[in-house]
Structures are given as structure tokens and as C-alpha cells.
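Observations on chain architecture
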Amino acid sequence: LKSWPGLIEAYRPYLPVTSDTPVVTLLEGNTPLIPVPAIASRIGRQVRVFVKYDGLNPTGSFKDRGMTLAISKAKEAGAKAVICASTGNTSAAAAAYARRGGMRAFVLIPDGYVALGKLAQALLYGAEVLAIKGNFDDALKIVRDMAQSYPVTLVNSVNPFRLEGQKTGAFEVVDALGNAPDWLCIPVGNAGNITAYWMGFCQYHQEGKCDRLPKMMGFQAAGAAPIVTGKPVAHPDTLATAIRIGNPASWEKAIAAQQASQGAFNAVTDEEILAAYRLLASEEGIFCEPASAASVAGMLKVQDQIPNGATVVCVLTGNGLKDPDTAIKHCENQFKNGVEPVLSAVAEVMGF
Ligand code: F0G
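Residues numbered from 1 in each chain as written. Predicted model: local features only at pLDDT ≥ 70, side-chain atom pairs only at ≥ 80, totals over all residues. Heavy atoms only, no water.

Naming follows an unreviewed UniProt entry, where the protein chain appears as Threonine synthase of Floridaenema fluviatile BLCC-F154. The Catalytic activity (unreviewed entry) comment attached to the protein chain in UniProt states, word for word, "O-phospho-L-homoserine + H2O = L-threonine + phosphate". The heading Sequence similarities (unreviewed entry) in the UniProt record of the protein chain holds the text "Belongs to the threonine synthase family." (UniProt positions renumbered as here; feature names shortened; annotations may be inferred.)

1. Quick notes on the site of the ligand
Around the ligand, 19 residues are found, and the nearest of them are S86, N190, A191, N193 and T317. A distance of 2.8 Å is found between an oxygen atom of the ligand and a backbone nitrogen or oxygen belonging to T87. One can see that the ligand is located within the largest cavity. Where the shell around the ligand is concerned, the elements lending two or more residues are α4 (89–100) and α9 (192–206). (Near = heavy atom within 4 Å. Polar contact = N/O pair within 3.5 Å; in protein donor to acceptor, adjacent residues only side chain to side chain. 1 Å grid on protein atoms, 1.4 Å probe; cavity = no way out; pocket = protein on both sides within 12 Å on 5 of 7 lines; lining within 4 Å. Sits in = over half its atoms within 2 Å of the grid points. Helix = DSSP H or I, 4+ residues; strand = E, 2+ residues; numbered from the N terminus.)

2. Looking at the side chain of Q220
When you line up the elements, Q220 lands in strand β8 (residues 215–221). Assessed through its relative accessible area of 0%, Q220 is described here as buried. Here V228 takes part through its backbone nitrogen, which lies 3.5 Å from a polar atom of the side chain of Q220. Not counting the four nearest positions on each side in its chain, Q220 is found in contact with V188, G189, A225, P226, I227, V228, N266, A267 and V268. (Buried < 20%, exposed > 50% of the residue type's maximum accessible area, 1.4 Å probe, protein only. Contact = heavy atoms within 4.5 Å.)

3. Observations regarding the pattern of salt bridges
For the structure on display, the rule yields 13 salt bridges. Between R12 and E9 there is a salt bridge, with its nearest N and O atoms 2.9 Å apart. Overall, the relative accessible area of 25% leaves R12 in the partly exposed class. Here K52 makes a salt bridge to E172, at a shortest N to O gap of 2.7 Å. In this pair, K52 sits in strand β2 (residues 48–53) while E172 sits in helix α8 (residues 168–177), placing the two residues 120 residues apart along the sequence. Shared partners join several salt bridges into a network, and the residues in it are K52, D54, R65 and E172. (Salt bridge = Lys/Arg side-chain N within 4 Å of Asp/Glu carboxyl O.)

4. So, the pairing of strand β5 (residues 128–132)
With five bridges joining them, strand β4 (residues 104–110) and β5 adopt parallel strand pairing. Bridge assignment links L108 to a residue of β5, and that residue is L130. Handedness of the β4-helix α5 (residues 116–125)-β5 crossover: right-handed. (Pairing = 2+ DSSP bridges. Right-handed = clockwise from strand over helix to strand, strands pointing away.)

5. A few points about the nonpolar core
One finds V49, V296 and M299 to be the most contacted residues of the largest nonpolar core, which totals 41 residues. Going through the elements one at a time, α2 (37–40), β2, β7 (183–187), β8, β9 (264–268), α12 (270–284), α13 (290–301) and β10 (311–316) are the ones with two or more residues in this core. With seven residues, the single largest contributor to this core is α13. Ignoring sequence-local partners within four residues, the contact set of V296 consists of I39, V51, A276, L280, C314 and L316. (Core = buried A, V, L, I, M, F, W, Y, C linked by side-chain atoms within 4.5 Å.)

6. Quick word on the sheet that holds strand β3 (residues 81–85)
Judged by pairing direction, the sheet is parallel, and its four strands sit side by side in the order β5-β4-β3-β6 without closing on themselves. The sheet is open, and its two edges are formed by β5 and β6 (153–154), each paired on a single side. Seen against the sheet, helix α6 (residues 136–149) touches β3, β4, β5 and β6 and runs at an angle of roughly 155° to β3. (Axes fitted to C-alpha atoms, helices over the stretch in contact; angles between N-to-C directions.)

Here it is as C-alpha cells:
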């Protein structure tokens with residue numbers, strides 16, 4: 001069994017790297033494509049459903065795919081510092097890879113709207129964290145301007161190397177299935193990942209690695225659904241804080257992917273997100289973060305449109321451990337406290 005070398009080595013011919021590129025890697029990628037039969041059985045037809053569990057990346061989200069490349073290229077160019085705006089996951093990934101590559105990492109986050117685990121990561125990895133009194137869109141505007149005027153490299157997904165790295169998620173899906181799925185369901189925030197997946201499927205298709213392309217099905221949270229409604233949202237609001245974004249940077253590219261693939265954008269409510277989040281955990285044993293569950297919530301919402309016999313892949317972008325507060329607050333399960341430490345008391349509580 002050969003060990004996984006990280007995604008830059010694994011997909012080197014498909015990526016913009018040379019022998020001069022210093023590879024900064026945490027051996028990201030190669031995440032499992034897990035069948036979810038309990039969820040598939042809720043769809044009244046013969047369908048195969050898988051989740052691409054990208055929450056198993058080194059910092060717990062798909063951002064590591066983009067960050068290994070963005071940071072390697074920044075280092076190649078001689079950068080000493082990187083900067084990003086983030087709803088949390090990008091900041092964790094940027095911090096981890098930048099520090100590993102010997103660079104400073106500046107991150108701007110919306111004050112009060114970043115899940116606890118993500119904040120803990122950014123701080124411990126050694127990022128310089130600025131919480132701003134504004135939302136993600138405000139923060140992104142500032143860091144774009146910063147990167148124009150100061151010696152800091154922008155590592156948000158407007159950095160083209162981010163998308164180049166993230167497209168490997170599509171490669172892995174095709175490598176695992178032997179072809180592209182019929183549908184690719186994916187949460188959409190800043191719209192980088194849907195763009196990257198589409199790039200990956202198209203590139204693999206051109207290389208003859210698959211003989212079809214999936215419909216790209218993007219899902220936004222109802223309170224932060226600018227692409228669905230067709231206009232920016234000034235005050236985006238959703239408990240899925242990762243995708244609490246009102247004016248996505250890759251808006252046009254995402255629309256282009258949806259149109260070329262004959263896919264669609266739809267919105268899911270926070271209640272639908274939470275239902276899918278609980279279902280994934282309690283019936284499939286898969287703990288993702290709320291934003292990630294938007295892909296499964298969306299698939300279930302538009303399930304009538306899934307063709308009979310179809311193969312569907314839902315991308316689970318982040319790990320549930322990122323956001324323990326939401327898990328505890330919105331879990332319908334409870335633990336029994338104050339149980340006496342004796343066998344009879346325990347057995348009684350268990351109902352035996
Ligand atoms: N899922 C998770 C867990 C995310 O963290 C994000 C984006 C998305 C989905 C949406 O991906 O932006 O490419 O459409 N998080 C960014 C961040 C914005 O700052 O961590 P997208």
C-alpha cells in the first residue's frame with residue numbers, strides 16, 4: 001500500500017506547479033466518498049447517493065485543497081505574509097498552511113459569526129486574527145484592497161490557485177466512481193467551490209477520465225441566497241455561518257457552471273439544513289457542519305427531479321466538530337445527568 005502524498009503530488013500533471021514550486025502540504029485530499037443508504041432510501045426511486053466527506057481534511061474542511069496550492073505558489077513567489085477574509089474555515093486553512101510554509105497569516109472575520117472550533121484553530125495555528133464589525137462581504141472588500149496596496153498575498157478563492165487546488169475534489173469523485181455522477185450537490189457561499197468542482201469535471205472529461213458531466217446543483221441558505229434571488233443580500237442571515245455571504249465573489253463563474261451543466265440553484269431554510277444535519281449524524285454516522293448539510297438538505301428538497309437510476313454526490317465541505325455550539329443547541333437528543341454511580345441506577349435509567 002503506497003501512502004498518499006498529498007494532492008499536489010497526486011495530481012501534479014493537472015496543476016500549475018513546476019519542479020521549482022516548494023510544496024507546502026499537510027497531505028490533504030483523498031477524502032472518502034461514503035455511500036449514504038439511509039438517506040437514499042428516503043428518495044422514492046432507485047438512486048445511489050454518496051457524500052464526499054471533505055471534513056476529513058487536515059484542518060477539517062475542503063479549504064485545504066485550495067490552500068496547499070495557494071500557499072505553495074505564494075511561497076514560490078517569495079511572499080512573507082498572506083491575508084484572507086473568512087467565515088472561519090478559510091482562516092483555519094490559511095493559518096495552518098501559511099505557518100507551515102513560514103509565513104504570517106492575517107485573517108479578517110465577521111465579529112460574532114465564526115464557529116468556535118474555527119476560531120480556536122486560527123488562533124492556535126498562529127494567525128493574526130482581526131474580528132471586524134461587519135460581515136464577510138465587508139471583510140473581503142478590505143482584504144482585496146489590502147492585497148493591492150501592501151505586501152500581502154490574498155488567499156481567498158479569488159486567488160486562482162485556490163480554485164485550481166479545489167478542483168481536485170472533482171477528480172477524486174471521478175476516480176472513486178469510475179465516472180462523473182449524474183448530480184453534484186454542493187453548498188454555495190462565495191461560490192468558489194462550485195466553480196472549482198466544475199473546472200475539475202470539465203478537465204477530467206477533456207482528458208477522457210469520464211464520459212459525462214454532472215448537473216451542478218448549488219444550494220444556498222434561504223437567508224443568504226443572492227444567486228437564487230438574483231440580487232446581492234445586504235444583511236445575509238443563517239445559522240450556517242460558513243455560508244453567511246450576501247455578494248459572492250465567483251457569482252458569474254458559478255452561474256456559468258450551472259448553465260453549462262444544466263444544473264440549478266436553490267435555497268434551503270435553516271430548518272431544512274438542521275434536519276439534514278441531524279439525519280446525516282443520527283442515521284449515517286456522519287458529523288458535518290451545518291453549511292455542509294445544505295447539500296443534502298437541497299438534494300432532499302428537489303428529489304423529485306432526480307432521474308431514476310441516478311448517481312448523486314453531495315459534498316460535505318466541513319467537519320461537524322468545527323461548530324459544537326450548533327450541535328448541542330439544535331440536537332433533539334439529550335444526555336441524562338445526575339445518574340448515581342451504581343449498576344442498578346444505570347440499568348434503571350436505561351429502562352432494563
Ligand atoms: N461549506 C463550508 C463549510 C464553507 O466553509 C464554505 C465557505 C462553503 C461551504 C461555501 O464554499 O464559498 O466556495 O461557495 N467558507 C468560506 C470561508 C467563505 O471563509 O471559510 P464557497
